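Structure at a glance
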Protein chains: 2
Amino acid sequence: MTRRIGIHESVGELFPPERFERAFESDGTATGADERERTDGEKPIVETVGGDPEVLSALDVCVTLAYDESFLDGDLPWVHSVQAGVDRFPFAAFRERGVALTSSEGIHGDVVGETVLGYLLAFARGLHRYRDAQGESDWIDPDWSELGTLRGERVCVIGLGTLGQGVVRRADAFGMEVVGVKRTPTPVDGVKRVHTPANLEVAIEGSKFVVLCVPLTDETRGFETEPLPEESPLWEREEVIVTPHVAAAYRGYADRVAAIVRENLGRRERDESLANRVV
Amino acid sequence: MTRRIGIHESVGELFPPERFERAFESDGTATGADERERTDGEKPIVETVGGDPEVLSALDVCVTLAYDESFLDGDLPWVHSVQAGVDRFPFAAFRERGVALTSSEGIHGDVVGETVLGYLLAFARGLHRYRDAQGESDWIDPDWSELGTLRGERVCVIGLGTLGQGVVRRADAFGMEVVGVKRTPTPVDGVKRVHTPANLEVAIEGSKFVVLCVPLTDETRGFETEPLPEESPLWEREEVIVTPHVAAAYRGYADRVAAIVRENLGRRERDESLANRVV
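Everything numeric here is computed off the predicted structure, so don't read it as measured data.

Remarks on the sheet that holds strand 9 (residues 209-212) of chain A
Residue and element names in this part refer to chain A. Ordered by their spatial adjacency, 4 strands build an open sheet running 8-7-6-9, and the pairing between neighbours is parallel. Both edges of this open sheet fall to strand 8 (193-195) and strand 9, since each of them pairs with a single strand only. Strand-to-strand, the axes of this sheet are offset by a mean angle of 20°, without reference to chain direction. Pairing between strand 6 (residues 154-158) and strand 9: 4 bridges, direction parallel. Along strand 9, the bridge assignment pairs Cys 156 with Val 210.

A closer look at the domain arrangement of chain A
Residue and element names in this part refer to chain A. In terms of domain boundaries, chain A breaks down into domain 1 (4-107 + 251-269) and domain 2 (109-236). Look at where the C-alpha atoms of domain 1 and domain 2 centre, and you get two points 31 Å apart. Taken together, the contact pairs 5 residues of domain 1 with 5 residues of domain 2. Across the domain 1/domain 2 interface, buried area totals approximately 390 Å², and carbon plus sulfur atoms make up 41% of it. The interface formed by domain 1 and domain 2 contains 1 salt bridge. Asp 110 is paired through a salt bridge with Arg 256; the nearest N and O atoms lie 2.8 Å apart. Our count for the contact surface shared by domain 1 and domain 2 stands at 2 residue pairs in polar contact (both at pLDDT 80 or more). The residue inventory of the side of domain 1 that touches domain 2, partitioned by class, reads 1 nonpolar, 1 polar and 3 charged.

Comments concerning the packing of helix 1 (residues 17-25) of chain A against helix 8 (residues 253-269) of chain A
Residues and elements named next belong to chain A. Axis separation between helix 1 and helix 8 bottoms out at 9 Å; the angle between their running directions is 50°. Viewed along their axes, helix 1 and helix 8 adopt a mutual orientation that is oblique. The element helix 1 and its partner helix 8 pack so that their crossing is right-handed. Touching Arg 19, Phe 20, Ala 23 and Phe 24 of helix 1 are Tyr 253, Ala 254, Asp 255, Val 257, Ala 258, Val 261 and Arg 262, all from helix 8.

Thoughts on the pairing of strand 4 (residues 78-81) of chain A
Residue and element names in this part refer to chain A. Neither face of strand 4 is left uncovered, since the one carrying Trp 78 and His 80 and the one carrying Val 79 and Ser 81 both have all their residues buried. As judged from the 3 bridges shared by strand 3 (residues 61-64) and strand 4, these two strands associate in the parallel manner. Bridging across to strand 4, Val 63 finds its partner in His 80. Relative to strand 5 (residues 100-102), strand 4 runs parallel, the two being bridged by 3 bridges. By the bridge assignment for strand 5, Trp 78 is matched with Ala 100.

Focus on helix 6 (residues 162-173) of chain B
Side chains of residues three or four places apart in an α-helix project in the same direction, reflecting 3.6 residues per turn. Residues and elements named next belong to chain B. Taking 1.5 Å per residue, 12 residues should reach 16 Å; helix 6 reaches 17 Å between its end C-alpha atoms and fits that length. Looking at the buried positions of helix 6, the neighbouring elements they touch are helix 4 (109-125), strand 6 (154-158), strand 7 (177-181) and strand 9 (209-212). A positive phi of about 80° marks Gly 175, the residue just after helix 6.

Focus: the nonpolar core
If you look at the biggest cluster of nonpolar residues, it comprises 108 residues, and the most contacted ones within it are Phe 20 of chain A together with Phe 20 of chain B. Setting aside residues no more than four positions away along its own chain, Phe 20 of chain A makes contact with Ile 7, Val 11, Phe 15, Val 82, Tyr 253, Ala 254 and Val 257 of chain A.

Regarding unusual backbone geometry
Following Glu 226 of chain A, the chain continues into Pro 227 of chain A via a peptide bond in cis, with omega recorded as -10°. Looking at where Pro 227 of chain A falls in the secondary structure, it is placed in the loop between strand 9 and helix 8. A positive phi angle, near 60°, is found at Asp 271 of chain A, a position not held by glycine. Mapped onto the elements, Asp 271 of chain A comes out in the segment after helix 8. Unusually for a residue other than glycine, Asn 276 of chain B sits at a positive phi of about 60°. Along the chain, the position of Asn 276 of chain B falls in the segment after helix 8 (253-269).

Notes on the side chain of Ser 103 of chain B
Residue and element names in this part refer to chain B. Among the secondary structure elements, Ser 103 is positioned in the loop between strand 5 (100-102) and helix 4. Polar contacts involving the side chain of Ser 103 include one to the main-chain amide nitrogen of Glu 105, which spans 3.1 Å. With residues near it in sequence (within four places) discarded, Ser 103 still touches His 80, Ser 81, Gln 83, Ala 84, Val 86, Ile 260, Asn 276 and Val 278.

With respect to the interface of chain A and chain B
If you look at the interface, chain A gives 60 residues, while chain B gives 60 residues. For the pair chain A and chain B, the summed buried area comes to about 5400 Å², and 59% of that belongs to carbon and sulfur atoms. Three residues stand out in chain A for area buried against chain B, namely Arg 131, Trp 139 and Trp 144 of chain A, and they jointly supply 18% of the buried area on that side. At the boundary of chain A with chain B, the tally comes to 4 salt bridges. Of the charged contacts, one joins Arg 131 of chain A and Asp 132 of chain B as a salt bridge, the two residues approaching to 2.6 Å between their closest N and O atoms.

Here's the deal with the environment of Val 49 of chain A
Residue and element names in this part refer to chain A. For Val 49, the location among the structural elements is in strand 2 (residues 45-49). The spacing of Val 49 and Phe 174 is 125 residues in sequence and 45 Å in space, taken between C-alpha atoms. Setting aside its immediate chain neighbours within four residues, Val 49 contacts Gly 6, Ile 7, His 8, Glu 9, Val 55, Leu 56, Leu 59 and Cys 62.

Overview of the pattern of salt bridges
Residue and element names in this part refer to chain A. As enumerated under the stated definition, the model contains 30 salt bridges over all chains in all. Its salt-bridge partner being Glu 177, residue Arg 193 comes within 3.8 Å of it at the nearest N-O pair. Here Glu 177 lies in strand 7 (residues 177-181) and Arg 193 lies in strand 8, a separation of 16 residues in the sequence. Judged by its relative accessible area of 32%, Arg 193 falls in the partly exposed class.

Side note on the relation of the copies chain A and chain B
When chain A is fitted to chain B, the best match, at an RMSD of 0.0 Å, comes from turning it 180° and sliding it 0.0 Å along the axis. The superposition of one copy onto the other is thereby described by a two-fold rotation axis. When C-alpha distances to the rotation axis are compared across chain A, the minimum falls at Gly 118 of chain A, with a value of 2.7 Å. Most of the interface of chain A is mirrored in chain B, where 100% of its interface residues are also at the interface.

Looking at the pairing of strand 7 of chain A
Residues and elements named next belong to chain A. Among the 5 residues that make up strand 7, 5 are buried, leaving the element largely enclosed by the rest of the structure. Of the two faces of strand 7, the one carrying Glu 177, Val 179 and Val 181 and the one carrying Val 178 and Gly 180 are both buried. Read from strand 6 through helix 6 (residues 162-173) to strand 7, the crossover connection turns out right-handed. Note that strand 7 and strand 8 share 3 bridges and pair parallel. Bridging from a neighbouring strand, Val 181 pairs with His 195 of strand 8.

How each quantity is defined
Residues numbered from 1 in each chain as written. Chains lettered and ligands numbered in written order. Predicted model: local features only at pLDDT ≥ 70, side-chain atom pairs only at ≥ 80, totals over all residues. Heavy atoms only, no water. Pairing = 2+ DSSP bridges. Helix = DSSP H or I, 4+ residues; strand = E, 2+ residues; numbered from the N terminus. Axes fitted to C-alpha atoms, helices over the stretch in contact; angles between N-to-C directions. Domains from an automatic or database assignment. Contact = heavy atoms within 4.5 Å. Buried area = accessible area lost by both parts, 1.4 Å probe. Salt bridge = Lys/Arg side-chain N within 4 Å of Asp/Glu carboxyl O. Polar contact = N/O pair within 3.5 Å; in protein donor to acceptor, adjacent residues only side chain to side chain. Nonpolar A, V, L, I, M, F, W, Y, C, P; charged D, E, K, R; others polar. Parallel < 35°, antiparallel > 145°, perpendicular 65-115°, else oblique. Left-handed = near helix turned anticlockwise from the far one by under 90°. Buried < 20%, exposed > 50% of the residue type's maximum accessible area, 1.4 Å probe, protein only. Expected span 1.5 Å × (residues − 1). Core = buried A, V, L, I, M, F, W, Y, C linked by side-chain atoms within 4.5 Å. Least-squares fit on C-alpha atoms with pLDDT ≥ 70 in both. Right-handed = clockwise from strand over helix to strand, strands pointing away.

Here you go:
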């Protein structure tokens, strides 16, 4: 049977939906993954969709950024979130309607790890200040007493899932002393001491850097205002680096998401349980 | 005999000479090195000096940034450069006058390696653009097709001395494909292929990044204008990151330089050959 994949128009907030369409139409050899996936030969039907329940009902899966009530109005069997975070989906309603929900967890560790190390290096080596000075054509003379290294410094990584581990591996490779926080305090490669959230204060003591790699849940809510309001004083603080929600932004993003969905299409046809299933 | 160490006033171009004085007055346990040095107990006499040949003649060593003709006018036995580069010293004149010259080669690999990876990550992840946008309080929406990773990309490191190896180790840890260029093409850990300068074009073929880690000599001269002239078009090119000559700038710099000089003071007293000797 031909697979029918819908790309919800909300993904356009990230980049053109056509890029997702192309990723699903390819045979998966462009994912950059080490293992090539088995493909069944037949090209899937891929289309960008809105909130029409009739269109949705004909799909095998709707790949989306946003939650839309129409997902639960018809016979759509399965929704895939293009983000790792799924806080915007009403789990109970999905459960009640028998609609499966899967996430894009597990694919952003290297990209986010690189972004975070880029920020840590900017702070340690003062790189953001040189960029500011460049705007003034100013060959500045930095205060050397303010410039350090990552090597030898302690970083506390809060949350040791895919993203946290992507940060840990790179911080460890730079000779940092890595401590971490996770709910189940089992050992993690590259992390010297793993604490539970109850010991947060002990965990961050003596750390030069604290990296938050936690999902948005009721326990972690607090800093999530996006975009940062124009009147925020953070914009103008020279020692604060503000960026949009882009740590995972990457030209290969759609290909990686497509790899998860393609794997799950196969599992579904073989009546196996879905990878990254949330509901 | 009490050691007499002169700190030439030219080091003030980097940071206050007093910081060098303090580094030499300490017992060396603040260098951050793994091995602690043996100290002989007696405090050295450390003073900031100018071009007075009589003052210079009384010293065991003059620690300097710049070359000053007065170094060769009296009985100063030894000059130590606080930089790894020694291109500004007239080797033949030193040889003729029997004055030893040593460099600060070998101590900047981690600091420069971190700085360079910071730049590579800025380019790969577009971090400099977020800093530009921050100045406009602008929560920008990047073009994801322009954002990559270091992982999987090829970097060519030209020059595989201390600095080049500092870059190589970190690039390798990020999963980059590292190729390199050095005059003697012997294997280097973390470098997949080592080419000679004669094969420069082959070496850089297919590289996303090229990192120059070569000393300034007659063969490498060409880009050394400092500071970058105000009228240079490079300042305004958004895709170019301009920084002053600060890849090695670091709060522990003086301590590391002091460690080399302290080691060499001991060698000199024991009539051993000096480490990092250039002339």
